[in-house]
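Structural features, examined
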Amino acid sequence: MIDVKHLAKHFVLYHQGATVIPVFQEANFSVAKGECVALTGASGAGKSTLMRMIYGNYLCKAGSIKVNHVEMVGAHPHDVMQLRRTTIGYVSQFLRVVPRVSTVDVVAEPLLAVGEKPIHAQEKSQELLSLLNIPKRLWSLSPTTFSGGEQQRVNIARGFVYDYPALLLDEPTASLDSQNRDVVLGLIERAKSNGKAIIGIFHDPSVRDQVCDRVVDVSQFMPEAAA
Amino acid sequence: MTPLLSVYNLTKMYGHRVGCQDINLDLYPSEVLGIVGESGSGKSTLLNCLAGQLTPDRGRIQFKTRSGDVKDTLTLSEPEQLMLSRTDWAFVHQNPRDGLRMSVSAGGNVGERLMAVGSRHYGHIRTTAIDWLDRVEITADRIDDRPTSFSGGMQQRLQIARNLVTGPRLVFMDEPTGGLDVSVQARLLDLLRNLVRDMGLSAIIVTHDLAVVRLLADRLMVMKEGQAVESGLTDQVLDDPQHAYTQLLVSSVLQA
Amino acid sequence: MNEYNFAYLDEQTKRMIRRAILKGLAIPGYQVPFASREMPMPYGWGTGGVQVSAATLTPEDIFKVIDQGADDTTNAISIRKFFQKVTGIKVTDKTIDATVIQTRHRIPETSLTEDQILVYQVPIPEPLRFLEPYETETRKMHALEEYGLMYVKLYEDISRHGAIATSYAYPVKVEGRYVMDPSPIPKFDNPKMEMAAIQIFGAGREQRIYALPPYTQVVSLDFDDYPFEASKADHVCDICGSSDTYLDEVIVDDQGGRIFVCSDTDFCAAQQSAALESSE
């Protein structure tokens, strides 16, 4: 489902003396359907960067990333947009929403983007919000004022409301209590059994071991010079 | 999918000074393109050239009309251009006073485009006007008030209603949230996003506010000194800027 | 008489005005610019109409002048005397006898014929003027038939007054093309503009001439659900008893007593004498 081959990436900071920061060289790995793969490595090793590259949020210098056979490296923005609507979901650590939009609508949005009927999208959204224990009285409010844990659960609901064949999860359980963490792990298990390909970053080794089939250590992709 | 609007090598000079130079872009149906850059970067010049309010010196602009024909908008006759600008196109000005008739009631402002394309039934015009005022969250009892009695945010929403009432397919917006309070901006952003999604609108939004484009635009074009220095997916350009100028622009934003 | 060229204006000027008139007749409702001359009367007293009459009159013509329907008002008398002096042609009060009629603010009640020319005095020829102050813009709007704004004015009327409140200078569309100001005639007269006579409009201060050839289609602008109505005071004439003429309201005493009389004095007089004859 997700194939990463010979991937290379560096950052150039033009305003700090054009410093070149190499990140990856020869990154190779793949994720099959029904599989959950954890990215590991020390802080700063590039776990989130790699995930963002797969989502098309960061550009790649060289190599290939194929998501459901679509090449992401050098892809036209429209192809990336299309892929994001229908194929690949991303739960980031940050919630970015238009202020004033209700939580139900924020979560329903990925469904509306693929042309789902608003009434059905809302139902699905409410279903996930109650599963993730977001109190009903908050549904009509904007999530911008929510606590960190609540915002994260809204983000997760957004990621799972549509059945993306491929899913990227950046620290989905970081600020959750054990009850909600188990709900999220249950969602991941269910997605796996439905044949979704999942890449996750999990801080907590016990959580990682619980849902992940394999581990990919991203520090091995670090260029020699930097390492 | 074929583009709704294609621009080739568009150049506008002000004497020896560059307005915008060799701009190429495609806009697809239901897509929002943001154009960012600081004052004087040529983004408004570009927008005005695209919308037919300025005549570029060089280049070509192709627009796919409702009937599916691709037309070169720069060589259209004046009546054809006018027809386009009051049916398929809309222009939202930064200052609502530039886009509204201040001495005409809110209902008259919304109704004008309808009457311009041949509506001759007062009752229907009024019903449509009330419907549109409602969509932009202006209550029906303000329909006979003049925009002079409206707040800045209301005026801007009225301008949007006036522009969208004929169901255009392409909207040009010049700093639509500029000059508004932050809370009013948020309301307007929400409104614009819903309208874009519900009506399948395509839009080109010129702004210097990166937060606005992050929330509204699918794609982004960064302009500096009349040139397009970088373009791509909005979040990619903002999160992984490749050009030195874009990096400066992104890193200069104050984090709230 | 010998001190002046026939009809006051020199022949070159009359030619220039006739060319404007012909162009106006060729493009009904279109405002043709012309080099308006100083006339021996102030602007606003009918200098446009006077120049058109001067360019139109021939020694054989019989001339009638009305102001608000009356032949005996200051303005009408002055213009009639002026042309008597500078042309020596015959003048009349009778609509049916006249070949050229200059008018301010009315169309005679008696139907005009193909042998007649009606000359209007026009203060502001541009129907879009109060909506759009720039001449360059209004010309472009006419060229592109951009008349939505005209309807905005009618819309505002209805939303404010519950009906189209415009009661004079009511805009019309000519032959489905140009929107035209009919000069400040009451809207009661609008339907009469589809007539057998030639109609020529002269605006001296604004330097515009426009025209309607005989039997030109002239439609008053309106909405489907608020159709145009050629309204008048709901009375009969207190002098001649006519029920289908435009009436002036006249205050007759200090107690607020009022009567309604035909604004067309010639028509009213003819009705009276006809009534007198039939009673004898």
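Everything numeric here is computed off the predicted structure, so don't read it as measured data.

Focus: the overall build of chain C
- From N to C terminus, chain C includes six helices and 12 strands.
- Against the globule reference of 19 Å for 280 residues, chain C gives a C-alpha radius of gyration of 19 Å, in line with a compact fold.
- If you line up chain C on its principal axes, its C-alpha atoms span 60 × 50 × 35 Å.
- For chain C, with 280 residues in total, the buried portion stands at 52%.
- Across chain C, every contact between residues at least 6 apart in sequence was considered, and the portion connecting residues at least 24 apart equals 60%.
- Just so you have it, chain C exposes about 12,900 Å², and 51% of that area is on carbon and sulfur atoms.

Comments concerning the confidence of the model for chain C
- For chain C, per-residue confidence averages 94 on the pLDDT scale, and residues scoring 70 or more make up 99% of the total.
- Interface confidence for the predicted complex, expressed as ipTM, amounts to 0.88; the pTM equals 0.85.

Regarding the interface of chain A and chain B
- Contact residues are listed per partner, giving 25 residues for chain A and 24 residues for chain B.
- The largest contributions to the chain A side of the interface with chain B come from H78(A), V98(A) and R100(A), which together make up 26% of the buried area.
- If you look at where chain A meets chain B, you find seven salt bridges.
- In this structure, the salt-bridge partner of R193(B) is E109(A), at a minimum N-O distance of 2.4 Å.
- Linking chain A to chain B there are 12 residue pairs in polar contact (both at pLDDT 80 or more).
- Elements represented by at least two residues in the side of chain A that touches chain B include exactly β1 (2–13), α2 (77–86) and α3 (103–113) of chain A.
- Here the side of chain A that touches chain B gets five residues from one element, more than from any other, and that element is α2(A).

With respect to helix α4 (residues 118–131) of chain A
Residues and elements named next belong to chain A.
- Counted at 1.5 Å a residue, the expected span for α4 with its 14 residues is 20 Å, and the 20 Å between its end C-alpha atoms agrees.
- For α4, the set of buried residues is A121, S125, L128 and L129. The arc that holds every buried residue of α4, seen down its axis, measures 100 degrees, which confines them to one face. Along α4, the residues that are exposed and aim more than 90 degrees away from the buried face are I119 and E127.
- Looking at the packing, one finds that the buried side of α4 touches α3, α5 (148–160) and α6 (178–193).
- Of the residues flanking the end of α4, it is N133, one or two places downstream, whose phi is positive at about 60 degrees.

Some remarks on the arrangement of the chains
- In this assembly, two pairs of chains are in contact, and the pair with the greatest number of contacts comprises chains A and B.
- Spatially, chain A and chain C are disjoint, and the shortest separation between their C-alpha atoms is 34 Å.

Some remarks on the packing of helix α5 (residues 122–135) of chain B against helix α5 (residues 148–161) of chain C
- Across the interface, α5(B) lies against α5(C) with an axial gap of 11 Å and an inter-helix angle of 80 degrees. Compared by their axis directions, α5(B) and α5(C) come out roughly perpendicular. Contacts between α5(B) and α5(C) involve Y122(B), I125(B) and R126(B) on the former and, on the latter, Y155(C), I158(C) and S159(C).
- The class makeup of the residues in the contact of α5(B) with α5(C) is four nonpolar, one polar and one charged.

As for the sheet that holds strand β7 (residues 178–180) of chain C
Residues and elements named next belong to chain C.
- Ordered in space as β7-β6-β10, the three strands form an open sheet in which the pairing is antiparallel. Of all strands in the sheet, those bounded by a partner on one side alone are β7 and β10 (218–220). Recorded for the sheet is a direction-independent mean angle of 35 degrees between the axes of neighbouring strands.

A short note on the side chain of R126(B)
- Tracing the backbone shows R126(B) in helix α5.
- Relative accessible area serves as the criterion here: at 17%, R126(B) is assigned to the buried category.
- Apart from the residues lying within four places of it in its own chain, the contact partners of R126(B) are I143(B), D144(B), Y155(C) and S159(C).

Considerations on the sheet that holds strand β5 (residues 70–71) of chain A
Residues and elements named next belong to chain A.
- The strand order β2-β1-β4-β5 describes an open sheet built from four strands, whose pairing is antiparallel. Single-partner strands in this sheet number two, and they are β2 (19–31) and β5.
- Across two bridges, strand β4 (residues 62–67) lies against β5 in antiparallel orientation. In the sheet register, K66 faces β5, and the bridge partner there is E71.
- Running over the sheet, helix α1 (residues 47–55) touches β1, β2 and β4 and is turned about 110 degrees from β1.

Topic: the packing of helix α6 (residues 152–164) of chain B against helix α7 (residues 182–199) of chain B
All names here are of chain B.
- Interhelical geometry of α6 versus α7 gives an angle of 15 degrees and a closest axis separation of 10 Å. On the basis of their axis angle, the class for α6 and α7 is roughly parallel. Between α6 and α7 lies a crossing of right-handed hand. On α7, the residues touching G153, Q156, R157, I160 and L164 of α6 are V184, R187, L188, L191, L192, L195 and M199.
- Residues that form the contact of α6 with α7 fall into these classes: eight nonpolar, two polar and two charged.

Some details on the side chain of K187(C)
All names here are of chain C.
- Tracing the backbone shows K187 in the loop between β7 and β8 (198–203).
- In this structure, K187 is buried with no salt-bridge partner, the nearest side chain bearing the opposite charge being E229 at 6.7 Å.
- Contact partners of K187, with chain neighbours within four places excluded, come to I164, T166, S167, Y168, Y170, F228, E229, A230 and S231.

Things to note about the domain arrangement of chain B
All names here are of chain B.
- Considered domain by domain, chain B is made up of domain 1 (1–88 + 169–256) and domain 2 (96–167).
- Domain 1 and domain 2 are separated by 25 Å when their C-alpha centres are compared.
- The partner domain 2 presents 15 residues to the 17 residues of domain 1 that form the contact.
- With both sides pooled, the region where domain 1 packs onto domain 2 buries about 1,400 Å², and carbon together with sulfur makes up 65% of that total.
- Three residues, R86, R187 and L191, lead the burial of domain 1 against domain 2; their summed loss comes to 36% of the area buried on that side.
- At the junction of domain 1 and domain 2, the tally comes to five residue pairs in polar contact (both at pLDDT 80 or more).
- Taken together, the elements giving at least two residues each to the side of domain 1 that touches domain 2 come down to α2 (78–87) and α7.
- Top element by residues in the side of domain 1 that touches domain 2 is α7. It accounts for seven residues.
- Of the residues that constitute the side of domain 1 that touches domain 2, the class distribution is 11 nonpolar, two polar and four charged.

Notes on the pairing of strand β9 (residues 208–212) of chain C
All names here are of chain C.
- Burial analysis of β9 places five of its five residues in the buried class, the great majority of the element.
- Burial along β9 is two-sided: the residues R208, Y210 and L212 and I209 and A211 are all buried.
- In terms of strand pairing, strand β1 (residues 32–33) meets β9 through two bridges, oriented antiparallel. Across the sheet, P33 pairs through a bridge with R208, a residue of β9.
- As paired strands, β8 and β9 are joined by five bridges and run antiparallel to one another. Bridge assignment links Q199 to a residue of β9, and that residue is L212.
- Hairpin connection from β8 to β9: four residues lie between these consecutive antiparallel strands, with Q207 at a positive phi of about 55 degrees.

Points about the pattern of salt bridges
- In this structure the tally under the stated criterion is 37 salt bridges over all chains.
- Among the ionic pairs, R84(A) bridges to D235(B), the shortest N-O distance being 2.8 Å. Placement of the pair is R84(A) in helix α2 and D235(B) in helix α9 (residues 234–239), with the two residues belonging to separate chains. Comparing R84(A) with D235(B), the two get one shared label, buried.
- Note that R219(B) is salt-bridged to E31(B), the shortest N-O span being 2.6 Å. Of this pair, R219(B) sits in strand β9 (residues 219–224) while E31(B) sits in the loop between β2 (17–27) and β3 (32–36); the two residues are 188 residues apart in sequence, bridging distant segments of the chain. Accessibility classification places R219(B) together with E31(B) in one group, the buried group.
- Here the residues in one salt-bridge network are E109(A), R158(A), R193(B) and R197(B), joined through shared partners.

The rules we used
- Residues numbered from 1 in each chain as written.
- Chains lettered and ligands numbered in written order.
- Predicted model: local features only at pLDDT ≥ 70, side-chain atom pairs only at ≥ 80, totals over all residues.
- Heavy atoms only, no water.
- Helix = DSSP H or I, 4+ residues; strand = E, 2+ residues; numbered from the N terminus.
- Rg over C-alpha atoms; globule rule 2.2 N^0.38 Å.
- Buried < 20%, exposed > 50% of the residue type's maximum accessible area, 1.4 Å probe, protein only.
- Contact = heavy atoms within 4.5 Å.
- Areas by Shrake-Rupley, 256 points an atom, 1.4 Å probe, with all protein chains shown as cover.
- pLDDT = per-residue confidence, 0-100.
- Buried area = accessible area lost by both parts, 1.4 Å probe.
- Salt bridge = Lys/Arg side-chain N within 4 Å of Asp/Glu carboxyl O.
- Polar contact = N/O pair within 3.5 Å; in protein donor to acceptor, adjacent residues only side chain to side chain.
- Expected span 1.5 Å × (residues − 1).
- Arc of directions from axis to C-beta.
- Axes fitted to C-alpha atoms, helices over the stretch in contact; angles between N-to-C directions.
- Parallel < 35°, antiparallel > 145°, perpendicular 65-115°, else oblique.
- Nonpolar A, V, L, I, M, F, W, Y, C, P; charged D, E, K, R; others polar.
- Pairing = 2+ DSSP bridges.
- Left-handed = near helix turned anticlockwise from the far one by under 90°.
- Lys, Arg positive; Asp, Glu negative; His and termini not counted.
- Domains from an automatic or database assignment.

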